[in-house]
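Report on the structure
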Amino acid sequence: QVQLVESGGGLVQAGGSLRLSCAASGRIFSINAMGWYRQAPGKQRELVATVITGGSTNYADSVKGRFTISRDNAKNTVSLQMNSLEPEDTAVYYCHANLRTTWYDSYSNPYWGQGTQVTVSS
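An account of the accompanying structure is given in this report. Bear in mind that the values here come from a model prediction, so they are computed numbers and not experimental data. (Residues numbered from 1 in each chain as written. Predicted model: local features only at pLDDT ≥ 70, side-chain atom pairs only at ≥ 80, totals over all residues. Heavy atoms only, no water.)

Notes on the overall build of the chain
Looking only at helices and strands, the chain features zero helices and eleven strands. By sequence separation, contacts in the chain at least 24 residues apart represent 58% of the contacts at least 6 residues apart. In the chain, the 10 positive side-chain charges and the 8 negative ones have mean positions that sit 6 Å from each other. (Helix = DSSP H or I, 4+ residues; strand = E, 2+ residues; numbered from the N terminus. Contact = heavy atoms within 4.5 Å. Lys, Arg positive; Asp, Glu negative; His and termini not counted. Charge placed at Lys NZ, Arg CZ, Asp CG, Glu CD.)

Set out below in structure tokens:
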């Protein structure tokens, strides 16, 4: 079965940096996109950043210029470099991937990691 395993996260002061990493493993034929979502208490899960196989990236307006997403297609990994962190960035961050497990799958299906806590103090 497919697994997405995150690493990183933790407690930092405002203005600090963290780097999150995620590795996809298991039965994988191809990955269309990988990215990061986050969910703060009382809030809905929201997109942070994504990157597709061709290299195109998308960022939430709130993190543009501060966060950078990168993907290693050969290793099926994705990372999120978070700089100039703000208390508003505090949330559980989830790795996400749209992938096919076999060549005959008609389309990609979503998979999620377990999440990692990021807390930014003021």
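Regarding unusual backbone geometry
Generally, phi is negative for residues other than glycine and the peptide bonds are trans, each holding for most cases. Positive phi, normally seen in glycine, also occurs at N76, with a value near 55°. Relative to the helices and strands, N76 resides in the loop between β7 (67–72) and β8 (77–82). According to the relative accessible area criterion, N76 is partly exposed, its value standing at 22%. (Buried < 20%, exposed > 50% of the residue type's maximum accessible area, 1.4 Å probe, protein only.)

Focus on the pairing of strand β9 (residues 91–100)
Here β9 lies mainly inside the structure; seven of its ten residues are buried. Examined bridge by bridge, strand β4 (residues 30–39) and β9 share nine bridges and lie antiparallel to one another. Within β9, the position partnered with M34 by the bridge is A97. Where β9 lies against strand β10 (residues 109–112), four bridges are found, and the strand directions are antiparallel. Pairing of A97 across the sheet is with Y111, part of β10. (Pairing = 2+ DSSP bridges.)

Some details on the state of the cysteines
Taken as a whole, this structure holds one disulfide when the rule is applied. Two residues share a disulfide in this structure: C22 and C95, whose sulfurs sit 2.0 Å from each other. Disulfide C22-C95: torsion about the S-S bond near -85°, hence left-handed. Remark: C95 occurs in strand β9 and C22 occurs in strand β3 (residues 18–25); sequence separation between them is 73 residues. With respect to burial, C22 and C95 carry one shared label: buried. (Disulfide = S-S within 2.5 Å.)

Some details on the side chain of T102
Examined against the element boundaries, T102 turns out to sit in the loop between β9 and β10. By relative accessible area, which is 7% here, T102 ends up buried. Filtering out sequence-adjacent residues up to four positions away, T102 remains in contact with R27 and F29.

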